[in-house]
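Survey of secondary and tertiary structure
Spelled out, the chains give:
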Amino acid sequence: DEVQEVVHFPAAAHPPGAALECTYIEIEQVEKTHAVVLSRPAWLWGAEMGANEHGVCIGNEAVWGREEICDDEALLGMDLVRLGLERADTAEKALTIIVDLLEKYGQGGNCMESHMAFTYHNSFLIADRKEAWVLETSGKYWAAEKVEGGVRNISNQLSITTKIDREHPELKEYAKSKGWWDGKKEFDFAATYSYVNTARMTTSRGRYCEGYKLLNKHKGSITSEIMMEILRDKESGINMEGGFMTTGSMVSVLPQQPNLPCIHFFTGTPDPARSVFKPFIFVPGITQLLKTCSPTFGHNDPVKKQPRFQNKPDRRHELYKKHESAAVVMETTEGKGKEMLKEIQELEKQKISEMESILQNGCLDMNEVVNLFSQCVEEELKIY
């Protein structure tokens with residue numbers, strides 16, 4: 001029941017010495033931040049995934065390993081996603097920014113809006129038009145792999161093995177001091193910092209393995225539609241159901257030709273199998289995406305007050321509310337539900353083909369694109 005909102009923040013300049021309030025802690029602000037579009041749990045400052053105006057995209061996943069998770073409040077992995085997007089104009093710069101902030105402030109704090117503490121380390125998928133990186137962390141230690149080609153995915157486990165292109169300067173020494181690595185055999189990050197048998201990683205029945213298989217099946221011919229199909233896949237566990245449910249999904253197309261726009265699709269609603277991937281393109285003059293923006297509670301927010309999470313306000317945005325009642329119809333009224341599902345699928349298909357023609361012709365009508373996402377939300381609301 002965690003509400004995921006889709007929000008846009010324009011580029012901004014900040015006075016020297018300004019402070020920035022993240023989810024739990026305050027850090028130093030930078031002089032200039034880039035425009036970002038984020039998909040995020042409505043209760044926190046950071047984001048689960050998002051993109052910036054320079055075509056940098058970041059998504060994160062929870063990971064666990066041998067290193068204890070710090071209980072102190074620090075930066076959440078989701079804060080690091082947003083900070084990377086706001087401060088970097090390339091994927092590698094975003095990686096550098098994230099690891100520098102990790103070193104300075106650490107990661108930690110409750111990742112769930114609840115009395116129950118739910119904490120984890122983080123892994124990140126970071127991409128721009130030209131390159132992509134996987135960054136995986138264990139406390140303040142980290143390893144990064146540059147993706148040189150083919151397909152690459154992350155899920156809820158460390159997945160960087162022996163191909164390490166950048167690392168924390170004490171990564172290996174620390175592992176040695178803990179008795180996790182003897183210093184003789186080849187250093188394997190996932191095997192050393194977690195309990196994973198990396199030889200079996202791509203054959204065991206986990207989400208990581210299933211994602212790897214689905215991507216490999218389509219390798220060389222992956223389109224935005226195929227990505228959406230993979231994200232909707234329930235059998236693999238990628239589209240999660242049950243105690244944890246997929247609350248938001250995102251697909252980005254990052255053309256290598258600089259004259260073509262990057263296109264980012266977001267659902268802003270749970271369970272992608274019954275949601276619409278709506279397109280967003282960065283252009284000047286985008287106004288706030290009101291219908292996917294959750295209410296804010298300022299200093300009265302239970303997340304901001306100590307002790308935290310004493311109660312849980314209603315964070316549902318307009319699209320979420322309408323989608324929630326539509327979801328009930330889809331599940332309970334067979335005829336009407338099928339009809340509704342068919343209409344939202346047609347809306348999505350239409351948007352995908354409009355985006356494909358933009359990418360083929362390379363021509364953008366600024367007046368239309370400025371409200372592209374909001375307009376699609378309106379059309380979706382009409383169906384509901």
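Residues numbered from 1 in each chain as written. Predicted model: local features only at pLDDT ≥ 70, side-chain atom pairs only at ≥ 80, totals over all residues. Heavy atoms only, no water.

Per an unreviewed UniProt entry, the protein chain goes by Secernin-3 and derives from Nipponia nippon.

**Section: the sheet that holds strand S15 (residues 278-280)**
Strand pairing within a sheet occurs via backbone hydrogen bonds; the two strands may be parallel or antiparallel. Counted only if it meets this: Whether two strands pair comes down to DSSP finding at least two bridges between them. Starting at the N terminus, helices and strands are each numbered in turn, a helix being any DSSP run of H or I of at least four residues and a strand any DSSP run of E of at least two. All axes are obtained by fitting lines to C-alpha atoms, using only the stretch in contact for helices, and the reported angles, taken between N-to-C directions, cover 0 to 180 degrees. Whether two residues are in contact is decided by their heavy atoms, any of which lying within 4.5 Å being enough.
Judged by pairing direction, the sheet is antiparallel, and its three strands sit side by side in the order S13-S14-S15 without closing on themselves. Taken across any chain shown, the strands that pair with only one partner, and hence form the sheet edges, are strand S13 (250-253) and S15. Taken over all neighbouring pairs, the strand axes of this sheet differ in orientation by 25° on average, direction set aside. Contacts between helix H6 (residues 224-231) and the sheet are confined to S13 and strand S14 (263-266), with S13 contributing the most and set at about 160° to the helix.

**Points about the packing of aromatic side chains**
Test applied: Think of it this way: a Phe, Tyr or Trp ring, Trp meaning its six-membered ring, pairs with another when their centres are within 6.5 Å, and the plane angle makes it stacked under 30 degrees, edge-to-face over 60, tilted otherwise. Exposure classes here rest on a 1.4 Å probe applied to the protein chains alone. A residue is buried below 20% of its type maximum, exposed above 50%, and partly exposed in between. We count a charge as sitting over a ring when the NZ of a lysine or the CZ of an arginine lies within 6 Å of the ring centre and within 35 degrees of the ring normal.
The tally for this structure, following the rule as stated, stands at 12 aromatic pairs. Ring centres of Phe118 and Tyr120 lie 5.4 Å apart, and the angle between their planes is 75°; this geometry places the pair in the edge-to-face category. Under the relative-accessibility criterion, Phe118 is labelled partly exposed at 22%. Owing to a relative accessible area of 9%, Tyr120 belongs among the buried residues under this scheme. One aromatic cluster is present, formed by Tyr141, Tyr174, Trp180, Phe189 and Tyr193 through successive ring pairs. Over the ring of Phe9 we find Arg82, and its NZ or CZ is 4.2 Å from the ring centre.

**Remarks on the pattern of salt bridges**
To be explicit about the condition: Salt bridges are identified by distance alone: a Lys or Arg side-chain nitrogen within 4 Å of an Asp or Glu carboxyl oxygen.
Taken as a whole, this structure holds 29 salt bridges when the rule is applied. Notably, a salt bridge pairs Lys304 with Glu21, separated by 3.4 Å at the nearest N-O pair. Here Glu21 lies in strand S3 (residues 19-21) and Lys304 lies in the loop between S15 and helix H7 (318-332), a separation of 283 residues in the sequence. The exposure class assigned to Lys304 is partly exposed, which follows from its relative accessible area of 33%. With a relative accessible area of 40%, Glu21 lands in the partly exposed category. Counted as one network, the salt bridges with shared partners bring together Glu113, Asp301 and Arg315.

**A closer look at empty space enclosed by the protein**
Empty space among the atoms becomes apparent when a probe as large as a water molecule is rolled across them. Test applied: Cavity and pocket criteria rest on a 1 Å grid covering protein atoms alone: a 1.4 Å probe that fits but cannot get out defines a cavity, protein on both sides within 12 Å along at least 5 of 7 lines defines an open pocket, and an atom within 4 Å of a point defines a lining residue. Grid points are joined across faces, edges and corners, and a volume is the space filled by probe spheres set on the points. Each residue gets one of three labels, nonpolar for Ala, Val, Leu, Ile, Met, Phe, Trp, Tyr, Cys and Pro, charged for Asp, Glu, Lys and Arg, and polar for the others, Gly among them.
All told, the structure shown has one cavity of 30 Å³ or more when counted by the stated rule. Here the largest cavity is characterised by a volume of approximately 40 Å³. Taken together, Ile69, Leu75, Leu76, Gly77, Gln107, Gly108, Gly109, Cys111, Thr119, Tyr120 and Asn122 form the lining of the largest cavity. Of the residues in the lining of the largest cavity, the class split is five nonpolar, six polar and no charged.

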